[in-house]
Amino acid sequence: MFKVGALVDKIPETKEESEEIKRHATTNYLYLKDLTTADSRFGSLLIDIKAEHNKQGTKEVVHALKDLLKEETKKTNYTLYLGGDAIINYSLGEYMTRDFFVFIIPIYIIMGILLMLTMGRWRDTVASLITITLSLIWSLGSIAIMGKTFNNVTIGIIPLIFCIALENIYYIHNIYYDRLSIIQDKPQAFYEALVIIFMP
C-alpha cells in the first residue's frame, strides 16, 4: 500500500521544513528517478500551463515563469532548464522570428534581382516588392491584432505569402502586357487584366 499526496502543501519557511521535503522526495519511490535523484542534485518541477482564453497567452505565461525562476536562481547555485511543448513551441517561434528579421533584407535583394531579370523593368520590380510588403504587413498585422503570438506554425505564413504573392504578381504582369500589346492603352489594359483575373 502506498499513499498518494502532495509533495509540498506549503512553501517551506525553515531549514527543517526544507530538509523534510528533501528527505520525502528522495526516499519516496513515486518521486525517485522520475522527479528527483537519490543525491538530490537534480529535480523536475512540472507545471501545467492553462492560459485562459483572451486573458493570458503562452507568451505571457512563459515570460512570467522565466522571470520567477530567474529571481529564484539568484538565491541559490542551482541551474534551471525549461522544457515541454509550450516552451519548445514558444522558443522555436522566437528563434524563427529573429532569424526572419535577420534574413529579410537578403531575401528582398534576391527577389528584386530575380524580378528585374524576369520582368525587365524597374517600375514593375518596385511595384512587385511593394505588393509583397503590403501583403506581409496585412497578414502579420492581422495576427498581432487578434492577439496571437508567432510560433513555429504561424511563422510559416511568411514564406507562404512570398510564394502566393510572387505567383499572382507574375500572373497579373503577363495578362496586363498581353492585353497592352493588343489594345495599346495602359489604363484599359490594366482594367481588362483585372476583369480577367477577378471575373474569368
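Residues numbered from 1 in each chain as written. Predicted model: local features only at pLDDT ≥ 70, side-chain atom pairs only at ≥ 80, totals over all residues. Heavy atoms only, no water.

Novice: Can you explain the environment of Glu-192? Please cite residues and give values.
Specialist: Within the secondary structure, Glu-192 is located in helix H6 (residues 186-198). Among the residues examined, Glu-192 registers a relative accessible area of 18% and is labelled buried. Each C-alpha atom of the pair Glu-192 and Arg-179 lies 7.3 Å from the other, and the pair is 13 residues apart in sequence. For Glu-192, the contacting residues outside a window of four places in its chain are Arg-179 and Ile-183. A polar contact is formed between the side chain of Glu-192 and the side chain of Arg-179, at a distance of 2.6 Å. (Helix = DSSP H or I, 4+ residues; strand = E, 2+ residues; numbered from the N terminus. Buried < 20%, exposed > 50% of the residue type's maximum accessible area, 1.4 Å probe, protein only. Contact = heavy atoms within 4.5 Å. Polar contact = N/O pair within 3.5 Å; in protein donor to acceptor, adjacent residues only side chain to side chain.)

Novice: Report on the nonpolar core, specifying residues and quantitative values.
Specialist: If you look at the biggest cluster of nonpolar residues, it comprises 17 residues, and the most contacted ones within it are Tyr-108, Met-111, Ile-132, Leu-136, Ile-158 and Phe-162. Those elements giving two or more residues to this core turn out to be helix H3 (85-119), helix H4 (122-145) and helix H5 (157-183). The element that contributes the greatest number of residues to this core is H3, accounting for six residues. Residue contacts for Ile-158: discarding those within four places in its chain leaves Phe-100, Leu-136 and Leu-140. (Core = buried A, V, L, I, M, F, W, Y, C linked by side-chain atoms within 4.5 Å.)

Novice: Give a detailed account of the packing of aromatic side chains, specifying residues and quantitative values.
Specialist: Counted according to the given criterion, the structure contains three aromatic pairs. Aromatic pair Tyr-108 and Phe-162: ring centres 6.3 Å apart, planes at 80 degrees, arrangement edge-to-face. With Tyr-108 in helix H3 and Phe-162 in helix H5, this residue pair connects regions lying 54 residues apart in the sequence. No difference in accessibility class separates Tyr-108 from Phe-162, as the two residues are buried. Ring centres of Tyr-176 and Tyr-177 lie 4.9 Å apart, and the angle between their planes is 75 degrees; on these two criteria the pair is classed as edge-to-face. Among the aromatic side chains, those forming a connected cluster through ring pairs are Tyr-176, Tyr-177 and Phe-190. (Phe/Tyr/Trp six-rings, centres within 6.5 Å; stacked < 30°, edge-to-face > 60°.)

Novice: Give a detailed account of the pattern of salt bridges, specifying residues and quantitative values.
Specialist: Counted according to the given criterion, the structure contains two salt bridges. Linking Asp-124 and Arg-123 is a salt bridge whose minimum nitrogen-to-oxygen distance equals 4.0 Å. Under the relative-accessibility criterion, Arg-123 is labelled exposed at 53%. One salt bridge connects Glu-192 with Arg-179, and the closest N-O pair in it is separated by 2.6 Å. Within this pair, whereas Glu-192 is found in helix H6, its partner Arg-179 is found in helix H5, the two being separated by 13 residues in sequence. (Salt bridge = Lys/Arg side-chain N within 4 Å of Asp/Glu carboxyl O.)

Novice: Got a sec to walk through the side chain of Thr-125? Specific residues and values, please.
Specialist: Residue placement: Thr-125 occurs in helix H4. According to the relative accessible area criterion, Thr-125 is buried, its value standing at 2%. Excluding residues that lie within four positions of it along the chain, Thr-125 makes contacts with Gly-112, Leu-115, Met-116 and Met-119.

Novice: Lay out H6 in plain terms, naming residues and giving numbers.
Specialist: Under the 1.5 Å per step criterion, the end-to-end length of H6 is 18 Å for 13 residues, consistent within 8% with the ideal 18 Å. All of the buried residues along H6 are Ala-189, Glu-192, Ala-193 and Ile-197. The arc that holds the buried residues of H6, viewed along the axis, is 135 degrees, so those residues lie on one side. In this structure, H6 carries Pro-187, Tyr-191 and Phe-198 as exposed residues pointing more than 90 degrees from its buried face. Residues of H6 that are buried in the fold lie against H5. (Expected span 1.5 Å × (residues − 1). Arc of directions from axis to C-beta.)

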